[in-house]
Amino acid sequence: MDSPSPLWRGAAPLLLASTSPTRRALLAGAGLTVETESPSVDERAIEAACAGLAPSDLALRLALAKAEAVAARAPGRIVVGADQVLACDGVVFHKPADAAVARAQLARLAGRTHHLHSAVALIDGVHAPDTFVETAHLTLRPLDAASIAAYVALAGPGAMSSVGAYQLEGLGIHLFAEVAGDHTTILGLPLLPLLARLRARRLLAF
């Protein structure tokens, strides 16, 4: 657990239903006291059950499932679940299993605009679950096979750690021609609307 923050007014730390170090770092960087717990949900099973949903709605369903799973094990806690769905022309992409899949994904995204739907579910034990989604629009440069192979080799495991096979905050920035959207949305946890909701619940000092 992070050290208690004078900004956070919750009786217990905010509970993040995720083990993502990036999401935790975003919350801690915003001055929140935070703990993390794995939601242990079968994301692919939920996705299969939600076949036909728009990618943004799928992200919402996944975020809520994660928050509900952790909230059930921690009654009375303020729980935040989050999920991110990448879609290009209606096709949903996942984290690549290996370098070959990473290269194939980047080849499909090269020269095109794709959409990152970052959804959040907030459960406070008092109100009905609150969900929202923010979307960023990203365009990769046209990339040939040699450039893609060079990036994946340089990025190493980092190319397999993010949906779409890139990390915009690292070497992945070289792949892009244009990025439209809030940076925290791209990283998977839209902070401004989340902080507004926590503030409305008097969980922040200001």
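Going by the structure above, here's the rest.
Residues numbered from 1 in each chain as written. Predicted model: local features only at pLDDT ≥ 70, side-chain atom pairs only at ≥ 80, totals over all residues. Heavy atoms only, no water.

Caption draft 1: Quick look at the overall build of the protein chain. Within the protein chain, the regular secondary structure consists of 7 helices and 7 strands. A buried classification covers 48% of the 206 residues belonging to the protein chain. Counting only carbon and sulfur atoms, one obtains 56% of the accessible surface of the protein chain, whose full area is about 9500 Å². Charged side chains of the protein chain number 17 positive and 18 negative; the gap between the two group centres comes to 3 Å. (Helix = DSSP H or I, 4+ residues; strand = E, 2+ residues; numbered from the N terminus. Buried < 20%, exposed > 50% of the residue type's maximum accessible area, 1.4 Å probe, protein only. Areas by Shrake-Rupley, 256 points an atom, 1.4 Å probe, with all protein chains shown as cover. Lys, Arg positive; Asp, Glu negative; His and termini not counted. Charge placed at Lys NZ, Arg CZ, Asp CG, Glu CD.)

Caption draft 2: Representation of the pattern of salt bridges. Here the structure, examined in full by the defined rule, presents 9 salt bridges. Residues Arg-112 and Asp-89 are paired through a salt bridge, measuring 1.9 Å at the closest nitrogen-oxygen approach. Here the residue Arg-112 occupies a position in the loop between α4 (99-109) and β5 (113-123), and Asp-89 occupies one in the loop between β3 (79-88) and β4 (91-93), the gap between them amounting to 23 residues. The exposure class of Arg-112 is partly exposed, given its relative accessible area of 34%. For Asp-89, a relative accessible area of 61% corresponds to the exposed category. Across the salt bridge formed by Asp-124 and Arg-201, the nearest N and O atoms sit 2.7 Å from each other. One end of the pair, Asp-124, is in the loop between β5 and β6 (130-140); the other, Arg-201, is in the segment after α7 (191-200), with 77 residues separating them in the sequence. Three or more residues are tied together by salt bridges with common partners; here these are Asp-124, Asp-130, Arg-197 and Arg-201. (Salt bridge = Lys/Arg side-chain N within 4 Å of Asp/Glu carboxyl O.)

Caption draft 3: The arrangement of the nonpolar core in detail. Grouped together as the largest cluster of nonpolar side chains are 24 residues, with contacts concentrated most on Leu-106, Leu-116, Leu-138, Tyr-151, Tyr-166 and Leu-175. Mapped by element, the contributors of at least two residues to this core are β3, α4, β6 and α5 (145-155). A total of 4 residues in this core trace back to one element, the largest contributor, which is α5. Residues in contact with Leu-175, not counting those within four places in the same chain, are Leu-106, Leu-140, Arg-141, Leu-143, Tyr-151 and Tyr-166. Counting 22 residues, the second-largest nonpolar core is a separate cluster that includes Leu-7, Leu-26, Val-80 and Leu-204. (Core = buried A, V, L, I, M, F, W, Y, C linked by side-chain atoms within 4.5 Å. Contact = heavy atoms within 4.5 Å.)

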